[in-house]
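Single-letter residue listing:
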Amino acid sequence: MELDVAWTVKWLQLCAEAMAEHRVELIELDRAIGDSDHGENMDRGFQAVLAKLADGPPETPSAALKLTAMTLMSTVGGAAGPLYGTAFLRAATSLGDAARIDPPAWAAALAAARDGIVARGKAEPGDKTMVDAWTPAVDAARDAADGGKADSLAVLVAAADAAEAGAVATDPMVARKGRASYLGERSAGHRDPGAVSSALILRAAVEAAA
Ligand code: ADP
Ligand code: MG
């Protein structure tokens, strides 16, 4: 499977599908420890990305991700909008003008995205945020890509599996960043909505290649 611009567009379309499908789940998660808007925010943002993609096909994976970044930045709102905007923009920059994303390039793009989220939001692993999905995903992708023999699908799967496990691992954490941190100890026992939406995004990347 070549991770080219067609794959990238498919990935973004499947992100939009996943956000629509999981809209209510994300709303419920954010109701428990936030203000109930995460599902709406993400669904609105990726519907806007779909509309932008329909306007004109991007020429490279990087161009598709840059368009996504700009669109999410201006439509998602809340804490997540600027964080995801930065993540997609850093990933786009990391890919440069390459026509295809090989396993090391995917691992590097994920690392750039995660670093962007951290630079913007200042959350550390364990703070019960989307960083707790991205960080294990970055590590898993890097390990899977190491040695250069891995096929693309294996690296995508490694990242998505790790992000899902990372989202589940936020359940017992006490939030130290974002709106959920206002709840203090009462934030424990709930899954972080942004970690779940991050895992959905990385799972969509697998489905686009399957
Ligand atoms: P808001 O909290 O403004 O309502 P959303 O509900 O759309 O925004 O997004 C909430 C998610 O954003 C959280 O579940 C968390 O994953 C993520 N988040 C919030 N603050 C930060 C931060 N400082 N760093 C990383 N992620 C954060
Ligand atoms: Mg919210």
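Not measured: the values here are computed from a predicted model.

Draft legend 1. Looking closely at helix H2 (residues 23-33). Residues of H2 that are buried: Leu-26, Ile-27, Leu-29, Asp-30 and Ile-33. The buried residues of H2 occupy an angular sector of 165° when the element is viewed end-on, so they sit on one face. Its buried side turned inward, H2 meets helix H1 (5-21), helix H3 (38-55) and helix H9 (193-209).

Draft legend 2. A look at the coordination of the magnesium ion (ligand 2). Looking at the metal site, the magnesium ion (ligand 2) is ligated by Asp-30 (OD), Asp-35 (OD) and Asp-37 (OD), spaced 2.0 to 2.2 Å from it. Along the chain, the residues donating to the magnesium ion (ligand 2) are arranged with the sequence spacing D-x4-D-x1-D.

Draft legend 3. Structural context of the packing of aromatic side chains. As enumerated under the stated definition, the model contains five aromatic pairs in all. Measuring from ring centre to ring centre gives 5.3 Å for Trp-11 and Trp-106, while their planes differ by 75°; the resulting arrangement is edge-to-face. Separated by 95 residues along the polypeptide, Trp-11 in helix H1 and Trp-106 in helix H6 (residues 103-121) bring together distant segments of the chain. Among the residues examined, Trp-106 registers a relative accessible area of 4% and is labelled buried. Connected via pairs of aromatic rings, a cluster forms that spans Trp-7, Trp-11, Phe-46, Phe-88 and Trp-106.

Draft legend 4. A look at unusual backbone geometry. Despite not being glycine, Ser-36 shows a phi value in the positive range, around 70°. Mapped onto the elements of the fold, Ser-36 is located in the loop between H2 and H3. Positive phi, close to 65°, is recorded for Lys-128, a residue that is not glycine. As for its position among the elements, Lys-128 is in the loop between H6 and helix H7 (131-145).

Rules and cut-offs
- Within any chain, residue numbers begin from 1 and follow the written order of that chain's sequence.
- Just so you know, chain letters begin at A and ligand numbers begin at 1, following the order they were written in.
- For a predicted model such as this one, the threshold for reporting local features is a pLDDT of at least 70, and the threshold for listing and counting side-chain atom pairs is 80 or more; totals across whole chains, interfaces and linings nevertheless cover every residue.
- Computation of side-chain values: all heavy atoms of the structure, hydrogens and water removed.
- Using a 1.4 Å probe on the protein chains alone, a residue whose accessible area is under 20% of its type maximum counts as buried, one over 50% counts as exposed, and one in between counts as partly exposed.
- In this description a helix means any DSSP run of H or I spanning at least four residues, a strand means any run of E spanning at least two, and both kinds are numbered starting from the N terminus.
- Note that the arc is computed from the directions linking the helix axis to the C-beta atoms.
- Any two residues having at least one pair of non-hydrogen atoms within 4.5 Å are treated as being in contact.
- In this description, a donor is an N, O or S atom within 2.8 Å of the metal centre, a cutoff extended to 3.2 Å for sodium, potassium and calcium. Water is not part of the atom list, which can make sites seem incomplete.
- Note on ring pairs: Phe, Tyr and Trp rings are taken, using the six-membered ring of Trp, and paired if centres are within 6.5 Å. Classes follow the plane angle, with under 30 degrees stacked, over 60 edge-to-face and the rest tilted.

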